[in-house]
Amino acid sequence: MTKTLKINKNVEQGILELLRFLLDGGKVSGVFTLKRINKEGSVAYSLVTRSDELEDAVPLFPLMPVNAGKLLSRFSLRGKSNKPVAAVVKPCELRAFIELVKREQGSLENIFFISSTCGGVYPIEMAVDGAVENNLSKYWEAVKKGEIPAQIRPACRGCVEFKPYTADMTVDLVGSSDIDKRCMILLNTKNGEELAQDMKGDFLEKELDKKILDKFQNKREAERKKLFDEIEEKMKGLDGFIDIFGKCLGCHGCSKVCPICYCKLCEFESPDSEYKPSNYESDLKKRGGLKVPPGTVYFQIGRLDHIAISCVGCGACEDVCPVDIPISIIFKKVGESVQKLFDYIPGRDVKEEIPLLTFEKDELSEVED
Amino acid sequence: MKKDEEFMPRILAFLCNWCSYAGADLAGTSRLKYPPSILPIRVMCSSRVDPLFIVKAYLGGIDGVLLAGCHPGDCHYEKGNYYTRRRFALIKKIFEELDMEADRLLLSWISASEGPKYAKVATEFTEKIKKLGENPAKNKIFL
Ligand code: SF4
Ligand code: SF4
Ligand code: FES
């Protein structure tokens, strides 16, 4: 059983009340949360230090303008936060941040995490014309019933990691029928308990409802299978790969927004990756033709090699792809398969080493001759 | 390549300086027979091979890639080949998932005294690649 704070307000009000309490009581100096920018439904992650600034905060808004793991990395890259901050993030954002911390791209120190069981987020394109706003009531209806909301990111539809692993507090959302009336926050860690101490509300012992979440899990797994099967149908060798990526613009937007792609100087954008006249000549002699500039397939397989081991399946890459390549499903599928080799779940535990930075003496005999 | 000529694959072999390259050398000085398909590249340690070298070679049209190093426990730098094995497993899995003829990639441990093993690996791998035929990447324009 986990100590749980029950606030007798709807879930959004409840969590705002908690955040205000944390700020006003001096328990944290800042709150990192999604905040409305305008009436059209644009939201951005912001760091707030005054509780009146929380008025238009929407911590649970079903949108991920940028994977917050990436932002928290920028926040703590040059040194840990000196003051305690509470961050409200989605489970895959938390996992992404953990992966970045493992790569020394951020610090967990002085950041407390509030997450939730996650119903998924809408594609970014729906944020520009108010579509998210218009869908909100439908979204919460679906989440309440433990159903997969329509129109969310494909990556979210098939996401089975919707429970946070390491959050200090978990808001009970998925399949929780009375979120209109009350807000349940599980206090998973000692820090979580201490933060919530003295907060107005009832304290009880509770677990997330396993039956409800298992059902939800099954639905997600069925969707995941569908998405994977579809892509497997197309991903048939080099020809299939070229078919899928034939329309790739080479904008590298997918890597720019990927939380795991943290390199400031990307190998695939370095002068080394630029074709010299002699490269063109030798390649053209062989093939009789060449896409200009070459390197799309190399970039995509290369990026898989670099980050598949830590892909958290957040879907940010696919969301920004101007030509709608199902990148996140491909990366998620390949990612899960390589992660399975090492029994690794990215972001599960900061103490788990990135598999490529460690080894067992006796393993993987199936790959050696 | 003319139709009646037998297809002789081109196989890129990354051989670590301390074991596998010496093993290949021994195979040569012992006059062991193996096919002329191997293009060796000497690297100081198998762990010097970035998996992207393998990807690049594959996309460049090479028919097979052999990565060979000291047996586990014998790496001149103690643990290089353990990392190699993980990286290789990863890139091989990616090829498998993309349905991209992962059989064109081979990892083998060949010590300095294993001239015969080198000849055997070279022969068998060449045979396997012959069955697979030419690397389809060779004729691709979109890359
Ligand atoms: S975002 Fe889409 S078009 Fe741009 S590089 Fe990635 S896959 Fe290609
Ligand atoms: S590859 Fe795509 S889905 Fe995976 S972590 Fe990066 S942005 Fe998220
Ligand atoms: S020196 Fe041979 S594998 Fe490292």
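The model shown is predicted, which means the values in this text are computed figures rather than measured ones.

> Before we move on, could you go through the overall build of chain A and cite the residues and values that matter?
When its secondary structure is counted, chain A shows 13 helices and 8 strands. Rg of the C-alpha trace for chain A: 22 Å, near the compact-globule value of 21 Å for 369 residues, within the 12% margin. For chain A, with 369 residues in total, the buried portion stands at 56%. Sequence separation of at least 24 residues holds for 76% of the intrachain contacts in chain A that already meet a minimum separation of 6. Accessible surface for chain A amounts to roughly 17,000 Å². Of this, 49% is attributable to carbon and sulfur atoms. Measuring between centres, the 54 positive side-chain charges of chain A sit 3 Å from its 59 negative side-chain charges.

> Which residues make up the domain arrangement of chain A, and what values do they have?
All names here are of chain A. With domains assigned, chain A is organised as domain 1 (2-222) and domain 2 (227-367). Using C-alpha coordinates to define each centre, domain 1 is positioned 29 Å away from domain 2. Surface buried jointly by domain 1 and domain 2 totals about 2,400 Å² across both partners, of which 59% is contributed by carbon and sulfur atoms. Across the contact surface, domain 1 and domain 2 share 1 salt bridge. Note that Arg-153 and Asp-319 form a salt bridge whose closest N and O atoms lie 2.8 Å from each other. There are 15 residue pairs in polar contact (both at pLDDT 80 or more) connecting domain 1 and domain 2. Sorting the residues of the side of domain 1 that touches domain 2 by element identifies α3 (91-102) and α5 (154-157) as the ones contributing at least two each. Per element, the largest residue contribution to the side of domain 1 that touches domain 2 is 8 residues, and it comes from α3.

> How would you sum up the environment of Lys333(A)? Please name residues and give values.
Mapped onto the fold, Lys333(A) is located in helix α13 (residues 327-341). For the pair Lys333(A) and Asp229(A), spaced 104 residues apart in sequence, the C-alpha to C-alpha distance is 9.9 Å.

> Describe the nonpolar core, naming the residues involved and giving the relevant values.
Among the nonpolar cores identified, the biggest contains 71 residues, and Ile114(A) and Ile185(A) are the most heavily contacted of them. Per-element tally for this core: the top contributor is helix α1 (residues 11-24) of chain A, with 7 residues. For this core, the domains that each give at least three residues are domain 1 (2-222) and domain 2 (227-367) of chain A. The contacts of Ile185(A), once residues within four sequence positions are left out, are Lys3(A), Thr4(A), Leu5(A), Ile7(A), Leu18(A), Met169(A), Thr170(A) and Val171(A). Residues Ile244(A), Cys258(A), Val55(B) and Ala57(B) belong to the second largest nonpolar core, which totals 69 residues.

> Provide a residue-level description of the sheet that holds strand β7 (residues 183-187) of chain A, including the pertinent values.
All names here are of chain A. Strands sit in the order β3-β2-β4-β5-β6-β7-β1-β8 across an open sheet of 8 strands; the sheet is mixed. The strands lining the two open edges of the sheet, one partner per strand, are β3 (43-48) and β8 (202-206). If you compare each strand with its neighbour and ignore which way they point, the axes differ by 30 degrees on average. Where strand β4 (residues 85-88) meets strand β5 (residues 111-116), 4 bridges bridge the pair, whose relative direction is parallel. The partner of Val-88 across the bridge, within β5, is Ile-114. The sheet contacts of α3 involve β3 and β5, and relative to β5 the element is tilted by about 145 degrees.

> Tell me about the site of ligand 2, and name the residues and values.
Near ligand 2, the surroundings consist of 13 residues, among which Cys258(A), Cys311(A), Cys314(A), Gly315(A) and Cys317(A) are the closest. Elements that contribute at least two residues to the shell around ligand 2 include exactly α11 (296-307) and α12 (316-320) of chain A.

> How would you explain the sheet that holds strand β1 (residues 11-16) of chain B if you had to name every residue and give the values?
Residue and element names in this part refer to chain B. Pairing is parallel in the open sheet, where 4 strands are placed in the order β2-β1-β3-β4. Each having just a single partner strand, β2 (38-43) and β4 (105-109) make up the two edges of the open sheet. For this sheet, the mean angle separating the axes of adjacent strands, direction not counted, is 20 degrees. Note that β1 and β2 share 6 bridges and pair parallel. When the bridges of β2 are listed, Leu-12 appears paired with Leu-39. Each of β1, β2 and β3 (64-69) touches helix α1 (residues 20-29); the most contacted strand, β1, lies at about 115 degrees to it. The sheet contacts of helix α4 (residues 115-132) involve β1, β2, β3 and β4, and relative to β4 the element is tilted by about 165 degrees.

> Go over the site of ligand 1 with me, naming the residues and quoting the values.
In the vicinity of ligand 1 lie 13 residues, with Cys248(A), Cys251(A), His252(A), Cys254(A) and Cys321(A) positioned nearest. Of the residues contributing to the shell around ligand 1, the split by class is 9 nonpolar, 4 polar and no charged.

Criteria and thresholds
Residues numbered from 1 in each chain as written. Chains lettered and ligands numbered in written order. Predicted model: local features only at pLDDT ≥ 70, side-chain atom pairs only at ≥ 80, totals over all residues. Heavy atoms only, no water. Helix = DSSP H or I, 4+ residues; strand = E, 2+ residues; numbered from the N terminus. Rg over C-alpha atoms; globule rule 2.2 N^0.38 Å. Buried < 20%, exposed > 50% of the residue type's maximum accessible area, 1.4 Å probe, protein only. Contact = heavy atoms within 4.5 Å. Areas by Shrake-Rupley, 256 points an atom, 1.4 Å probe, with all protein chains shown as cover. Lys, Arg positive; Asp, Glu negative; His and termini not counted. Charge placed at Lys NZ, Arg CZ, Asp CG, Glu CD. Domains from an automatic or database assignment. Buried area = accessible area lost by both parts, 1.4 Å probe. Salt bridge = Lys/Arg side-chain N within 4 Å of Asp/Glu carboxyl O. Polar contact = N/O pair within 3.5 Å; in protein donor to acceptor, adjacent residues only side chain to side chain. Core = buried A, V, L, I, M, F, W, Y, C linked by side-chain atoms within 4.5 Å. Pairing = 2+ DSSP bridges. Axes fitted to C-alpha atoms, helices over the stretch in contact; angles between N-to-C directions. Near = heavy atom within 4 Å. Nonpolar A, V, L, I, M, F, W, Y, C, P; charged D, E, K, R; others polar.

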